[in-house]
Amino acid sequence: MMFIDPHAHMISRTTDDYEAMAAAGVVALIEPAFWLGQPRTYVGSYVDYLSHIVGFERFRAGQFGIRHYCTIGLNSKEANNQELAEGVMEILPRFALKEAVVAIGEIGYDEQTELEDKYFRLQLDLAKELALPVMIHTPHRDKKRGTSRSMDVCLEHGLDPAMVIVDHNNEETVREVLDRGFWAAFSIYPSTKMGNARMVEILRQYGADRIIVDSACDWGISDPLGVPKTARLALDSGVPEEHVRLACYQNALDAYGQSGQIKEDDWLNPPAIDQRTLYEGNSVLRGGRDARIEEPGARRGMDKLIIE
């Protein structure tokens, strides 16, 4: 079984994480633009960050056989810094048009302030103009109201719910998201947001139609194997294999594939891996480690991938 992790902040992860994800069957991931754990102080740092996730991070993932995609956006936390936000809005269009950008995101609400609302709406207009899907960040506090409000605003701006992925759902929000025709994504964390066992119960109750599982692994305590571990638990718990495939692979491909920037052939017929390759003079190798060099045909078949 192959997996897509459609919400992974890999800029904060190590090469060990890439190796473990590939070994567990993750063939592709999407890195959403977000904050760095502390506020950025000027727009130049945003330019460098976005350049990293469309550039070096994509290269780094490829060195371990994983196809890397990203979303581009001004996050809700930093939308409250109006000077920064205005500068970021000027540069977003040029990054949103880069190769492998599959959505505008993650955008939405944090404290549900007027500034957050302003820049959320501007970015929805940008997504509509560029015909890109949208990844919604729902707030940690007052989540139910924030989730409903996010969907209301999307509809006000004329977005098709089928083009909007509402992330960080829980038991309180999932029914409304699905009933209104949006994609419902769930972030699997070790102790917050949504755990593996809770996710399995949601699959039992709601099936897998328009449901997406992701890890949302970041710089905090989180697990880059959230998707394959949830899949393994779901299968062991009797969830139909087809439902697991939809929630942990196909739905993400269908939702973000609407961008035209991600397709199954990207990993079914991938480029060769050659860790001697340099990016701006740099490689992933350290300490005299032997380079991994593999032609696509030399890799083990995807039908033999297992979750430990």
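All of these numbers come straight from a predicted model, not from anything done at the bench.

Visitor: Before we move on, can you summarise helix 2 (residues 43-54) with the specific residues and values?
Guide: Taking 1.5 Å as the rise per residue, helix 2 with 12 residues should run 16 Å; its terminal C-alpha atoms sit 17 Å apart, in good agreement. Inspection of helix 2 places Gly 44, Ser 45, Tyr 46, Val 47, Tyr 49, Leu 50, Ile 53 and Val 54 among the buried residues, and these make up the whole buried set.

Visitor: I'd like a rundown of the packing of helix 9 (residues 226-236) against helix 10 (residues 241-256), residues and numbers included.
Guide: Following both chains from N to C, one finds helix 9 and helix 10 inclined at 165°, their axes separated by 10 Å at the closest point. The angle between helix 9 and helix 10 places the two elements in the roughly antiparallel class. The handedness of the crossing between helix 9 and helix 10 is right-handed. The segment helix 9 lies against helix 10, with Val 227, Ala 231, Ala 234 and Leu 235 engaging Glu 241, Val 244 and Cys 248. Grouping the amino acids of the contact of helix 9 with helix 10 by side-chain chemistry returns 6 nonpolar, no polar and 1 charged.

Visitor: Mind laying out unusual backbone geometry, listing which residues take part and the relevant values?
Guide: Going from Gly 105 to Glu 106, the amide bond is cis rather than trans, its omega being -10°. You can see Glu 106 is positioned in strand 4 (residues 101-108). The residue Gln 112 is not glycine, and still its phi comes out positive at about 60°. Here Gln 112 lies in the loop between strand 4 and helix 5 (114-130). Residue His 168 is not a glycine yet carries a positive backbone phi of 60°. With respect to the element layout, His 168 can be found in the loop between strand 6 (164-167) and helix 7 (174-179).

Visitor: Outline the pattern of salt bridges, supporting the account with residue identities and numerical values.
Guide: For the structure shown, the criterion picks out 25 salt bridges. Between Glu 242 and Arg 245 there is a salt bridge; the shortest N-O distance is 2.9 Å. Residue Glu 242 and its partner Arg 245 are both found in helix 10; the two are separated by 3 residues, about one turn of the helix. Glu 242 gets classed as partly exposed once you look at its relative accessible area, which sits at 40%. Salt bridges here are not isolated pairs; linked through shared partners, they connect Lys 77, Asp 110, Glu 111 and Arg 141.

Visitor: Mind laying out the sheet that holds strand 5 (residues 134-137), listing which residues take part and the relevant values?
Guide: Read across the sheet, 8 strands follow the order 1-2-3-4-5-6-7-8 without closing on themselves; strand pairing throughout is parallel. Whereas interior strands pair on both sides, the edge strands pair on one side only; in this sheet they are strand 1 (3-5) and strand 8 (211-214). Direction aside, neighbouring strands of the sheet carry axes that sit 25° apart on average. The strands that helix 8 (residues 196-206) touches are strand 7 (183-187) and strand 8; relative to strand 8, the one it contacts most, it runs at about 170°.

Visitor: So what's going on with the nonpolar core? Which residues, and what values?
Guide: The biggest cluster of nonpolar side chains holds 76 residues, and the ones touching the most others in it are Leu 50, Ile 72, Leu 74, Met 199 and Ile 211. The biggest single contributor to this core is helix 4 (residues 82-96), with 8 residues. Setting aside chain neighbours within four positions, we find Leu 50 in contact with Ala 33, Ile 72, Ile 91, Leu 92 and Phe 95. Membership of the second largest hydrophobic core comes to 21 residues, among which are Val 27, Val 102, Ile 212 and Tyr 256.

About the criteria used
Residues numbered from 1 in each chain as written. Predicted model: local features only at pLDDT ≥ 70, side-chain atom pairs only at ≥ 80, totals over all residues. Heavy atoms only, no water. Helix = DSSP H or I, 4+ residues; strand = E, 2+ residues; numbered from the N terminus. Expected span 1.5 Å × (residues − 1). Buried < 20%, exposed > 50% of the residue type's maximum accessible area, 1.4 Å probe, protein only. Axes fitted to C-alpha atoms, helices over the stretch in contact; angles between N-to-C directions. Parallel < 35°, antiparallel > 145°, perpendicular 65-115°, else oblique. Left-handed = near helix turned anticlockwise from the far one by under 90°. Contact = heavy atoms within 4.5 Å. Nonpolar A, V, L, I, M, F, W, Y, C, P; charged D, E, K, R; others polar. Salt bridge = Lys/Arg side-chain N within 4 Å of Asp/Glu carboxyl O. Pairing = 2+ DSSP bridges. Core = buried A, V, L, I, M, F, W, Y, C linked by side-chain atoms within 4.5 Å.

It is worth stressing that arrangement in space is one thing and function is another; only the former is reported here.
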